[in-house]
Amino acid sequence: MASAITTLAADAPTLSAANTGFMLICSALVMLMTPGLAFFYGGMVRVKSSLNMLMMSFISLGIVTILWVLYGFSLAFGTDSGSLIGWNSDYVGLSGIGITELWDGYTIPVYVFAVFQLMFAVITPALISGALADRVKFSAWALFTVLWVTVVYFPVAHWVWGAGGWLFELGVIDFAGGTAVHINAGAAALGVILVIGKRVGFKKDPMRPHSLPLVMLGAGLLWFGWFGFNAGSWLGNDDGVGAVMFVNTQVATAAAMLAWLGYEKLRHGSFTTLGAASGAVAGLVAITPAGGAVSPLGAIAVGVIAGVLCAMAVGLKYKFGYDDSLDVVGVHLVGGVAGSLLVGLFATGGVQSDVAGLFYGGGLEQLGKQAIGVFSVLAYSLVASALLAFLLDKTIGMRVSEDVEVAGIDQVEHAETAYDFSGAGGGAASRSTAAPTPAAASKKVDA
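If you're wondering where the values come from, they're calculated on a predicted model, not measured in any experiment. (Residues numbered from 1 in each chain as written. Predicted model: local features only at pLDDT ≥ 70, side-chain atom pairs only at ≥ 80, totals over all residues. Heavy atoms only, no water.)

1. Brief notes about the overall build of the protein
Just so we agree on the cut-off: Segments assigned H or I by DSSP are reported as helices when at least four residues long, segments assigned E as strands when at least two residues long, and all are numbered from the N terminus. The size measure is the radius of gyration over C-alpha atoms, and the globule rule it meets is 2.2 Å times the number of residues to the 0.38 power. For each residue, the accessible area found with a 1.4 Å probe, counting protein chains only, is set against the maximum for its type, and the residue is called buried under 20%, exposed over 50%, and partly exposed in between. Contacts between residues were defined by any pair of non-hydrogen atoms, one from each residue, lying within 4.5 Å. Charge counting follows a simple rule: Lys and Arg are positive, Asp and Glu are negative, and His as well as the terminal groups are ignored. Charged side chains are reduced to one point each, which is NZ for Lys, CZ for Arg, CG for Asp and CD for Glu.
Along the backbone of the protein there are 18 helices and two strands. Taking 2.2 N^0.38 as the reference for a compact globule, 447 residues should give roughly 22 Å; the C-alpha atoms of the protein span a radius of gyration of 24 Å, in line with that estimate. Referenced to the eigenvectors of the C-alpha coordinate spread, the extents of the protein come out at roughly 110 × 45 × 40 Å. Per-residue burial for the protein yields a buried fraction of 53% across its 447 residues. Sequence-distant contacts, at least 24 apart, represent 76% of the contacts inside the protein between residues at least 6 apart. Mean positive and mean negative side-chain charge positions of the protein (19 and 26 charges, respectively) differ by 20 Å.

Here you go:
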């Protein structure tokens, strides 16, 4: 008996300084993605609402962090109850966790796992905000964030990643958040915009990005942070799976960017910077659920398929009349669905698990499981998010007035503007001392 106990003790995981440090770095990378998203979205809107767009992402860092500590971590990753939700009183306030207590089955502390997952919870509602640009009260958005992560994100995270969660137990593969993050956010965005309606001037007025350099900066920060988002989701670096995920993240993103640009050139005749940035994000989204199951060649296929599908999907809002301001539905929902389903086709059975997809002799079983995960999360998030938006719209009101929207939401909601040109000249004094234009000089000579 003593020998058996000694053997079990020897086999038990011990804290790994290397994995702990790696995961803390990955957590910081994922945190950087939320400000990166703020730049990405902030550059895509018109100048009069750019600060509001930045704040709709940034506020998530405040709200979700506090909720996660108070009860979110417990609901998402506590002891399972009915395969739908978790709860562990030790996780409430993170008050009952020892500083060296390890996450079950891993070599990192519970605190490290909690903070890594916190960053996922932070960015997911921020993703939704891009669909609502120009027209939502900031206070209503903040309250929606509180309600949405509580009612939608925390339960769905438990379904997908929590021990005992029904999608986890079913065998749905979601390495880093195709369902829990991207489909969840994309479906929520669609649900909310169907309730609150279109922007003033939708399909009539030009609503071009005010700063494509900001968009490219944001896309670059997202791409950089996504290595932590994806590779870190294996919760360690001992067996090479995280390294494969890192490589696949780069490969799929590159393929999707090129595919989007190729489609754009054939369809519209130009290679645009906005297309390059959007294509990269589409690839990042699609490889998120699939990257731990596919080979680098499979990652190229995932990226190309997602790049083309998402480029096609962003135009559907004009056909069907829903105002998805910054293409959250077209990129995150469609990209998340594509990446999640493609696991059932391209999984090799030789990376994160021995589950093989259809093209590797695994039949249709895994594809069926992936479809269940995709459409259950999509349906729940769509309906629940629409109901939350409807509730808020009928009580405190979700939208700013039409006058505020037309004039610009930044000044009214935040008492600020993104760019101050008051010191840039152009006043009466500067005009009187300015050099005459060629036309004016010509008139003086004629006189």
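2. Description of the nonpolar core
The criterion, for reference: The criterion is simple. A nonpolar core is a set of buried Ala, Val, Leu, Ile, Met, Phe, Trp, Tyr and Cys residues joined through side-chain atoms within 4.5 Å.
Judged by nonpolar contacts, the single largest core of 108 residues is most densely connected at Phe40, Phe73 and Leu132. Looking at this core element by element, the count peaks at 15 residues for helix α5 (residues 138-161).

3. Points about a nonpolar patch on the surface
Put simply, the test is: Each patch groups residues whose relative accessible area exceeds 30% and which form no salt bridge, using 9 Å between like charges and 5 Å between nonpolar side chains of Val, Leu, Ile, Met, Phe, Trp and Tyr. The Shrake-Rupley method, run with a 1.4 Å probe, gives the accessible areas here. Residue values count only the displayed protein chains as cover. Salt bridge, as used here, is a side-chain nitrogen of Lys or Arg placed within 4 Å of a carboxyl oxygen of Asp or Glu.
There is a patch of nonpolar side chains on the surface, built from Leu358, Phe359, Tyr360 and Leu364 and spanning about 410 Å² of accessible area. Mapped onto the fold, Tyr360 is located in the loop between α13 (328-346) and α14 (365-395). Since its relative accessible area comes to 41%, Tyr360 is described here as partly exposed.

4. Let's talk about the pattern of salt bridges
A complete count under the given rule lists six salt bridges for this structure. A salt bridge links Asp327 to Lys317; the shortest N-O distance between them is 2.9 Å. Separated by ten residues along the polypeptide, Asp327 in the loop between α12 (316-320) and α13 and Lys317 in helix α12 bring together distant segments of the chain. Summarising the burial analysis for this pair, Asp327 and Lys317 share the class buried.

5. Here's the deal with the confidence of the model for the protein
Quick reminder of the rule: Note: pLDDT gives the predictor's confidence per residue, expressed from 0 to 100.
Taken over all residues, the pLDDT of the protein has a mean of 92, while the share at 70 or more is 92%. For residues 1-9, every residue scores under 50 in pLDDT, and the model assigns this stretch zero contacts once sequence neighbours within four places are set aside. Confidence drops under pLDDT 50 across residues 427-447; counting only partners more than four residues distant or on other chains, this segment forms three contacts.

6. Observations regarding the packing of helix α2 (residues 17-44) against helix α3 (residues 50-77)
Put simply, the rule reads: Working convention: axes come from line fits to C-alpha atoms, limited for helices to the stretch in contact. Angles between N-to-C directions cover 0 to 180 degrees. An angle below 35 degrees is treated as roughly parallel, one above 145 as roughly antiparallel, one from 65 to 115 as roughly perpendicular, and anything else as oblique. By definition, turning the near helix anticlockwise from the far helix through less than a right angle yields a left-handed crossing, and turning it clockwise yields a right-handed one. Three categories are distinguished: nonpolar for Ala, Val, Leu, Ile, Met, Phe, Trp, Tyr, Cys and Pro, charged for Asp, Glu, Lys and Arg, and polar for the others, with Gly belonging to the last.
At their nearest, the axes of α2 and α3 sit 8 Å apart, and the two run at 165° to each other. Comparing their axes, α3 and α2 come out roughly antiparallel. Note that α2 runs across α3; the crossing there is right-handed. Along the contact surface, α2 presents Met31, Thr34, Pro35, Leu37, Ala38, Phe39, Tyr41 and Gly42, while α3 presents Ser50, Met53, Leu54, Ser57, Phe58 and Leu61. In terms of residue class, the contact of α2 with α3 is built from ten nonpolar, four polar and no charged.

7. Re the packing of aromatic side chains
The following threshold applies: Any pair of Phe, Tyr and Trp rings, taking the six-membered ring for Trp, is counted once the centres come within 6.5 Å. Such a pair is stacked with planes under 30 degrees apart, edge-to-face with planes over 60 apart, and tilted for the rest.
All chains considered together, the criterion is met by 26 aromatic pairs. Ring plane angle 90° and centroid distance 5.9 Å describe the contact between Phe120 and Trp161, whose orientation is recorded as edge-to-face. With Phe120 in helix α4 (residues 110-129) and Trp161 in helix α5, this pair connects stretches of sequence that are 41 residues apart. Residue class for Phe120 comes out buried when judged on its relative accessible area of 1%. Given the relative accessible area of 15%, Trp161 is considered buried. Taken together through their ring pairs, the aromatic side chains of Trp68, Tyr71, Phe73, Phe77, Tyr91, Trp103, Phe113, Trp148, Tyr153 and Phe154 make up a single cluster.

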